[in-house]
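An overview of the molecular structure
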Amino acid sequence: MPKESNESSSEANKKMDSKGPEDSTEQSEASEEMLRKRIRTNTPSPNQQTPQSSPPKIVSMEELMETAKGVTNMALAHEIVVNGGFQVKASEPAEGSLEKRVKEIMHKVFWDSLETQLNDDPPVFDHAIKLVGEIKETLQSFLMPGQTRLKGQIEEALDLTLIQQQAENGALDISKVAQFIISMMGAFCAPCRDEDVRKLRDIADIVPLFKAIFEVLDKMKVDMANFAISSLRPHLLQQSVEYERKKFQEFLDKQPNALDFTLKWLQGTADSLRESEGGAASDSSSPSQLALSVHNQAYLRLLNWDHGTDSFPETALMDRGRFLEMQLELERLALVASVLLIVYNSAGEAISGLPGLMDRLKSTIKILLAEMHAPSFKLDETFTAIGEKLCLELGECLSQHGFSPFHTDRQSALKGQIAAVKSQDNPIRKLIDSRIQAYLLGFLESSQHKSPPTLPGGLAPVSKELEEVGVKLSRLVNFNKLVYSPFYQKILQDVLQPGGSADT
C-alpha cells in the first residue's frame, strides 16, 4: 500500500472539533491542493507551471520557477489568513474516472496479496510488517516533541525488528499489535473520529481491520492538518502583511510591469470621480482624503467588474474569486430588493405590516433567482414566473385578512413593473443599486465597525445579507490595503498629481 506520511502540528495529540469544509473558489481549491501536497509527501509531484506573462527582461527558467513558487506560497498564506473557513479536504479521484479505477485495482491487488500471505501455512507477514511500519511513522508524527513516554510506548510495542523476529519464530500475534494501534489512534484522534475508532475494535479479520485502520488514519491526517491550520492562523496573521508584501516585491522585481493593471484600475477610478464631481472634490479635499476616496471607490468598482473584458488589478488578483462571489450575490440582492419595493409600493397599506408576508415573498423571489447566473437561466421566463407567483400569494394574503383581491388591471400593472426590473437601466433597479453602493461605501469609510452604517431606504428586506457582504468586504479591503499600501501610495500620488495622469 502506498505510504502516506504527515507533516502535522506539534499539538496534534489534543482533541479537536472537526469542521466541514465550506464551498470555495478556484483559488481556495488550489491553495488546499498545495497544502495536501505538503501533507502527502510521497505522492507524485504535479508538473509545475511557469508564469503566463512575459517578463520585460531575460531571466532564467530557475528564476521563473522560484518566483512562481513564491507567489504560490503567498497565495496559500493569504488563503489561510483571509478565509476563516479554509479547510484541507481529503483528495479523492472523481467517480468513474480512470484515476479512481486504477486506484481501486491497485488497492485490491495489494489487499488480496496481504490476505494470501496471511492465509499461507505458515503465514507470511512481510506486507503486514511494512504496514505496521507506516502506521508507526504516522502515529509518531502526531506526537509533540516532549512526549517521550508515549514515543517510548510506540517504539516498544511497534519494534519492527522484534516483530520480524516473532514472525520468523511463529510467535507473532498480529491481532495484539493491531489492538495497540487502535488504542493509540483513540488517544490521538479528534472527537469526531471517536466512533470510527470504536468501530475498529469490532472488526475481527486482520485484512479488513488493517484496511479500515488506514482509512481512519487518512481522516485523522486531514483533521490534524486542519488543526495545524487553525493553530497557525493567529500567528500567520501577525506576519502575513509583511510576508505578502515581500513576496509581491520579489515578483515585481522580476516583472516590473506587474502593476500595470493596478495603475489602470486606480487611474480609471480617479478619472471617473473627476468627471462625476467636476473637480469639486479635488478642490475641497486634502490629498490624503482624496486618495482614500479614490481608493475606496476603486474597491467598489471591483464589485461591478466586467470579468470578461477587463483585466483584474494584480494587487487584488488573489481575491478575485471573492470579489466575483460578492458581485453575484449583490446582483441577486438588488433584484430581490427592487421587486419587493415595487410590490409594497403597489399594494400600499393593505399588506404593510402583515406578519410573515415579506419573508414569504422574499423566499419566493430568491428561489426563482437562485440560478440567475447559470448559462441555462431564462431571464424573461423567470421574471414572468415571479410576477405570476407574487400576484397569487398577494391575492391569497389579501383575502385572508379581509381585503379585496387585486383587480386584474392592477395585477397586470404589477407584473409589468416586476418584469421591467430585469433591465439594468430600470430606474428602480438603478436606485437600489446606488443605495447598495452607498451602504457598502459606509463600511469602507469607517475604521471602527462596531455597528453597521445606516441602512438606506428600500434595503430593509435584505439588510442581513447586505451586512454580511459589507463586513466581508471591509475585512478584505483593509487587509489588502495593509499589504499593498506602499505600492498604492506611490500610484495614487502619481494619479492625483496636477495633470491627473500617472506615467506607465
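The coordinates are above.
Throughout what follows, the structure given in this document is the object of discussion. These numbers come from a predicted model, not from an experiment.

Let us look at the overall build of the protein chain. The helix and strand inventory of the protein chain stands at 18 helices and zero strands. Looking at the protein chain as a whole, 43% of its 504 residues qualify as buried. Sequence separation of at least 24 residues holds for 75% of the intrachain contacts in the protein chain that already meet a minimum separation of 6. Total accessible area computed for the protein chain in this model is approximately 27100 Å², and 51% of it derives from carbon and sulfur atoms.

If you look at the biggest cluster of nonpolar residues, it comprises 88 residues, and the most contacted ones within it are Phe 323 and Val 343. Per-element accounting of this core gives the leading share, 14 residues, to helix 13 (residues 320–347). Here Phe 323 is in contact with Tyr 299, Leu 302, Leu 303, Phe 312, Ala 316, Leu 473 and Leu 476, once residues within four sequence places are set aside. Core analysis: the next-biggest nonpolar cluster, separate from the first, contains 42 residues, Phe 142, Ala 167, Met 185 and Met 220 among them.

Checked against the element boundaries, Glu 465 lands in helix 18 (residues 463–495). Among the residues examined, Glu 465 registers a relative accessible area of 12% and is labelled buried. Beyond its immediate sequence surroundings of up to four residues, Glu 465 is in contact with Glu 329, Leu 333, Lys 362 and Lys 366.

On the surface, Leu 98, Val 102 and Met 106 cluster together to form a nonpolar patch covering roughly 300 Å² of accessible area. As for its placement among the helices and strands, Leu 98 is situated in helix 3 (residues 98–119).

This part covers the environment of Lys 136. As for its position among the elements, Lys 136 is in helix 4 (residues 126–141). Using a relative accessible area of 13% as the deciding quantity, one classes Lys 136 as buried. Note: C-alpha distance between Lys 136 and Leu 158 (22 residues apart in sequence) is 6.7 Å. Look past the residues within four positions of Lys 136 in its chain and what remains in contact with it is Ile 154, Glu 155 and Leu 158. Among the polar contacts listed, one links the side chain of Lys 136 to the side chain of Glu 155, at a separation of 2.9 Å.

The N-to-C vectors of helix 13 and helix 16 (residues 408–420) enclose an angle of 155°; their axes lie 10 Å apart at closest approach. Comparing their axes, helix 16 and helix 13 come out roughly antiparallel. Crossing of helix 13 against helix 16: the hand is right-handed. For the pair formed by helix 13 and helix 16, the contact residues are Val 339, Ile 342, Val 343, Ser 346 and Ala 347 on the first element and Arg 410, Leu 414, Gln 417 and Ile 418 on the second.

Reading the values: the criteria
Residues numbered from 1 in each chain as written. Predicted model: local features only at pLDDT ≥ 70, side-chain atom pairs only at ≥ 80, totals over all residues. Heavy atoms only, no water. Helix = DSSP H or I, 4+ residues; strand = E, 2+ residues; numbered from the N terminus. Buried < 20%, exposed > 50% of the residue type's maximum accessible area, 1.4 Å probe, protein only. Contact = heavy atoms within 4.5 Å. Areas by Shrake-Rupley, 256 points an atom, 1.4 Å probe, with all protein chains shown as cover. Core = buried A, V, L, I, M, F, W, Y, C linked by side-chain atoms within 4.5 Å. Patch = residues over 30% accessible without salt bridge, like charges linked within 9 Å, V, L, I, M, F, W, Y side chains within 5 Å. Salt bridge = Lys/Arg side-chain N within 4 Å of Asp/Glu carboxyl O. Polar contact = N/O pair within 3.5 Å; in protein donor to acceptor, adjacent residues only side chain to side chain. Axes fitted to C-alpha atoms, helices over the stretch in contact; angles between N-to-C directions. Parallel < 35°, antiparallel > 145°, perpendicular 65-115°, else oblique. Left-handed = near helix turned anticlockwise from the far one by under 90°.

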